[in-house]
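# Understanding the architecture of this molecule
Here is what each chain is made of, one letter per residue.
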Amino acid sequence: MPFNKSIPSLHFFSSCSSSSQHSSMATSNVNSLLLSFLLFGSFLMTAYANFNEHFDITWGDGRAQILNNGELLTLSLDKASGSGFESKNEYLFGNIDMQLKLVPGNSAGTVTAYYLKSPGTTWDEIDFEFLGNLSGDPYILHTNVFTQGKGNREQQFYLWFDPTADFHTYSILWNPQRIIFSVDGTPIREFKNSESIGVPFPKNQAMRIHSSLWNADDWATRGGLVKTDWSQAPFTASYRNFKADACVLSNGASSCSSNSNWFSQQLDSTSQDRLKWVQNNYMIYNYCTDSKRFPQGLPAECNKS
């Protein structure tokens, strides 16, 4: 799939209130938010984060580095080990952005994972995974949603640009109604709350942000046929401009307030058109159309309009 295919113009996500409504509701919104803070002892965080303040390097024996006074984080992989980091905070709902520049050149066999995950054996998880490829071949962006320890909800995409040439923003909007995966503001996937038909939805377990760069040449590139070329090591991925407009868990509870715009945010008609454009042109796998994988019937959420 070639890069630089033109993207249709769009408005961003729908805003649910006019300026006059905002003005009339301002006092009640503030009071409600302050009450939420007092009751639950946590806070909303929104700003470009300093990596030193908001993340811990969790493994890699020096292969992960925080640079430029906390403005840049890099992960590296060599034959001995990969590396990874996680957020100090746990989040229960939010709108989370991270800019990544992926491993350039021959990245076959490598995986750069960026995801939200709760602990335990019945965990929830929201995944971006970037599967490396031979030089000149496109990365595969792999997405998945786990609820109560069960995943198998993969959708995969090519990108419409070279993700190794510059930084691009990868976003997760997670509220009680839906999860929206976006790239540079373009929605690529929406996973809706389908609890009404018996499908679990991640809404009760707080999650940390995790990222890692690791060797997965037994499956990552062409099903494991293409192995990692260690002569190209070390492989390096870079991160910057993390932003979380989100609810931070504190003292066992979260401050999530329905007054936050993202808490009820949804795709407007133009964004829905853009989502369809991505899925029609760049989606290469969708579990909801894989009848061979699910001979007893597709998962229930796949049949929900």
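Fair warning: this is a prediction, and the values are worked out from it, not measured in the lab.

Attention shifts here to the overall build of the protein. A tally of helices and strands in the protein yields 3 helices and 16 strands. Out of the 305 residues in the protein, the part that is buried amounts to 50%. Taking as baseline every contact in the protein between residues at least 6 positions apart, the subset at least 24 positions apart corresponds to 70%. Of the roughly 14,200 Å² that the protein leaves accessible, carbon and sulfur atoms contribute 49%.

Before going further, it helps to spend a moment on the pairing of strand 4 (residues 72-77). Regular strands place side chains that alternate from one sheet face to the opposite one. Counting buried positions over the 6 residues of strand 4 gives 6, a clear majority of the element. The alternating pattern of strand 4 places Leu-72, Thr-74 and Ser-76 on one face and Leu-73, Leu-75 and Leu-77 on the opposite face, and all of these are buried. Bridge count between strand 4 and strand 15 (residues 235-248): 6 bridges; the pairing is antiparallel. Bridge assignment links Leu-75 to a residue of strand 15, and that residue is Ala-237.

What follows concerns the UniProt feature "glycosylation site" (unreviewed entry) in the protein. The residues that UniProt annotates with the feature "glycosylation site" (unreviewed entry) are Asn-133. Tracing the backbone through its elements, the reader meets Asn-133 in the loop between strand 8 (125-131) and strand 9 (140-146). Here Asn-133 is in contact with Gly-105, Asn-106, Ser-107, Ala-108, Pro-138, Thr-221 and Arg-222, once residues within four sequence places are set aside.

On to the UniProt feature "active site" (unreviewed entry) in the protein. The positions that UniProt labels "active site" (unreviewed entry) are, in the present scheme, Glu-125 and Glu-129. When near neighbours in sequence (up to four residues on either side) are disregarded, Glu-125 contacts Tyr-115, Leu-116, Lys-117, Asn-144, Val-145, Phe-146 and Met-207. Note on placement: Glu-129 falls in strand 8. Leave out the neighbours within four places in its chain, and Glu-129 touches Val-111, Thr-112, Ala-113, Ile-140, Leu-141, His-142, Trp-214 and Trp-219.

Turning our eyes to something else, we now look at the layout of surface pockets. In this model, the largest pocket occupies a volume close to 630 Å³. Glu-190, Lys-192, Leu-275, Gln-279 and Lys-304 are, among the 22 residues lining the largest pocket, the residues nearest its centre. If you list the elements that add at least two residues to the lining of the largest pocket, you get strand 13 (186-192), helix 3 (269-281) and strand 16 (283-286). Per element, the largest residue contribution to the lining of the largest pocket is 5 residues, and it comes from helix 3.

Bringing the sheet that holds strand 7 (residues 110-117) into the picture now. Pairing in this open sheet of 8 strands is antiparallel, and the strands run 2-5-14-7-8-9-10-16 from one edge to the other. Two strands in the sheet have a free side with no partner beyond their single neighbour: strand 2 (55-59) and strand 16. Between one strand and the next, the sheet's axes are offset by a mean angle of 15°, whatever the strand orientation. Both strand 7 and strand 8 contribute to a ladder of 7 bridges, which runs antiparallel. The residue of strand 8 that forms the bridge with Leu-116 is Ile-126.

What follows deals with the state of the cysteines. Covalent bonding between the sulfur atoms of two cysteines defines a disulfide. Within this structure, the stated rule accounts for 1 disulfide. A disulfide bridge connects Cys-288 with Cys-302, and the sulfur atoms are separated by 2.0 Å. With the S-S bond torsion at -75°, the cross-link from Cys-288 to Cys-302 turns out left-handed. Here Cys-288, found in the segment after strand 16, pairs with Cys-302, found in the segment after strand 16; they are 14 residues apart in sequence, far enough to count as distant.

Definitions and limits used
- Residues numbered from 1 in each chain as written.
- Predicted model: local features only at pLDDT ≥ 70, side-chain atom pairs only at ≥ 80, totals over all residues.
- Heavy atoms only, no water.
- Helix = DSSP H or I, 4+ residues; strand = E, 2+ residues; numbered from the N terminus.
- Buried < 20%, exposed > 50% of the residue type's maximum accessible area, 1.4 Å probe, protein only.
- Contact = heavy atoms within 4.5 Å.
- Areas by Shrake-Rupley, 256 points an atom, 1.4 Å probe, with all protein chains shown as cover.
- Pairing = 2+ DSSP bridges.
- UniProt positions renumbered as here; feature names shortened; annotations may be inferred.
- 1 Å grid on protein atoms, 1.4 Å probe; cavity = no way out; pocket = protein on both sides within 12 Å on 5 of 7 lines; lining within 4 Å.
- Points joined across faces, edges and corners; volume = space filled by probe spheres on them.
- Axes fitted to C-alpha atoms, helices over the stretch in contact; angles between N-to-C directions.
- Disulfide = S-S within 2.5 Å.

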